[in-house]
Amino acid sequence: MKRSDSERGSFRQNLIRIFSRTLMTSVIVITALGSLTWGFWALDQRGFFNLTQIEILVEEIPAQKAMLRTQVAELQKNIETLRGISLFKLPLAEVSNKLQAQNWIEESQVSRRWPETLRINLKPSKIYLLHISNKGFRPVIADGSFLAAVKPSEAPDVPHLRGAEFDTDLELRKSAVDIIKMIPERGKFALGAISEIHHDSKEGFWATLMGSQTKIKLGYEKVSLKSARINQVLTYLDQRGLNARVIDADLSQKVLVRLRKDP
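Here we summarise the structure given alongside this text.

Criteria and cut-off values
Residues numbered from 1 in each chain as written. Predicted model: local features only at pLDDT ≥ 70, side-chain atom pairs only at ≥ 80, totals over all residues. Heavy atoms only, no water. Phe/Tyr/Trp six-rings, centres within 6.5 Å; stacked < 30°, edge-to-face > 60°. Helix = DSSP H or I, 4+ residues; strand = E, 2+ residues; numbered from the N terminus. Buried < 20%, exposed > 50% of the residue type's maximum accessible area, 1.4 Å probe, protein only. Lys NZ or Arg CZ within 6 Å of the ring centre and 35° of its normal. Core = buried A, V, L, I, M, F, W, Y, C linked by side-chain atoms within 4.5 Å. Contact = heavy atoms within 4.5 Å. Pairing = 2+ DSSP bridges. Axes fitted to C-alpha atoms, helices over the stretch in contact; angles between N-to-C directions. Arc of directions from axis to C-beta. Polar contact = N/O pair within 3.5 Å; in protein donor to acceptor, adjacent residues only side chain to side chain.

Going through the model one piece at a time under the given rule, you end up with two aromatic pairs. Arranged with centres 4.9 Å apart and planes meeting at 50°, the rings of F88 and W114 form a pair that is tilted. Of the two residues, F88 sits in the loop between α2 (65-79) and α3 (92-100) while W114 sits in the loop between β2 (105-113) and β3 (117-124), which places them 26 residues apart along the sequence. The partly exposed category is assigned to F88, whose relative accessible area is 43%. The positively charged end of R138 is found above the aromatic ring belonging to F146, 3.8 Å away from the centroid. Over the aromatic face of F146 sits the side chain of R173, whose NZ or CZ is 3.9 Å from the ring centroid.

Let us look at the nonpolar core. Core analysis: the biggest nonpolar cluster contains 28 residues, and L129, I183, F189, I197 and L218 have the highest contact counts within it. Contributions of two or more residues to this core are made by β4 (127-133), α4 (170-181), β7 (194-200), β8 (204-209), β9 (215-219), α5 (223-239) and β10 (244-248). Those residues in contact with F189 that sit more than four places away from it in its chain are I183, P184, I194, L209, I216, L218, S227, I230, N231 and L234. Residues L51, I54, I56 and W104 belong to the second largest nonpolar core, which totals 27 residues.

Moving on: the sheet that holds β9. Across the sheet, which stays open at both edges, the eight strands sit in the order β5-β4-β6-β7-β8-β9-β10-β11 with mixed pairing between neighbours. The open sheet is flanked by β5 (136-141) and β11 (256-259), the only strands paired with a single partner. The average undirected angle you get between the axes of adjacent strands in this sheet is 25°. Sheet analysis places β4 next to β5, joined by six bridges and oriented antiparallel. Bridging across to β5, L130 finds its partner in P139. Here α5 sits on the sheet in contact with β8, β9, β10 and β11, set at roughly 160° to β9.

If you trace the three strands from one edge of the open sheet to the other, you get β1-β3-β2, paired in mixed fashion. Either end of the sheet is taken by a strand with one partner, and the two such strands are β1 (53-58) and β2. Put simply, the sheet's adjacent strands are angled 15° from each other on average, direction ignored. Inspection of the sheet shows β1 paired to β3 by six bridges, in the parallel sense. For I56, the partnering residue across the bridge sits in β3 and is I120. Contacting β1 and β3, α2 runs over the sheet at an angle of about 155° to β1.

Of all the residues in α3, the buried ones are L92, V95, S96 and L99. Here the buried residues of α3 occupy an arc of 100° about the axis, which is enough to place them on one side. More than 90 degrees from the buried face of α3, the exposed residues found are A93, N97 and K98. Where α3 is buried, its residues touch α2, β2 and β3.

Counting through the fold element by element, T214 comes out in the loop between β8 and β9. Given a relative accessible area of 2%, T214 falls into the buried group. A distance of 2.7 Å separates a polar atom in the side chain of T214 from the backbone oxygen of A244. Setting aside residues no more than four positions away along its own chain, T214 makes contact with A207, T208, L209, A244, R245, V246, I247 and R260.

Here's what the structure looks like:
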């Protein structure tokens, strides 16, 4: 069915009207965006978006509090060089890469907080051991790597790692960390009760308890199971007022105890 001339004319007018409205809306939007862009540019030229606040938020690890305070202060000093730069021009990728290159930082996130703030969220690498040698107090992280040596006053509250062989043997340090990970955090035999870990090439890993200085032979394997047995033995000895000189837990079915004879 063919349209009449009047219908075709009305259809054209409607199209023209819709086109005009769309064009007008587009002009208004473009003008608004242009004004907004110019406004931001003008404010930026006046320094309104210049970096004046640097926030470094660190996930707290109580045992590493003193050391982290120093590390964060050093990081803050390095980041200060960015102060005064427009947030539009901040090299976030560069900052992120620098953070990731520091092995005391496990995870990091960098973001802008308009109009004048840079925020850095950090998750520190957990320290499992502190190696003490003539090279100083060096924290050991999960992969066995050393962090930079720290002052004794900043040393993390973790078991000490003793032995010159740990200086150059990364895999041995990693094995020591794996041993530590299998020791419980609570109980008579717990991480907080261990003063140091050392290694014997024939007998494996040994732990020394704080206070009593009891030596505990752990070996290399099934440390979680051995820890439970050691905890039972220590509880038994404590209830009877006995002190052990050596506890050999590196046996298949039992724990051998050598009592301390001196008072």
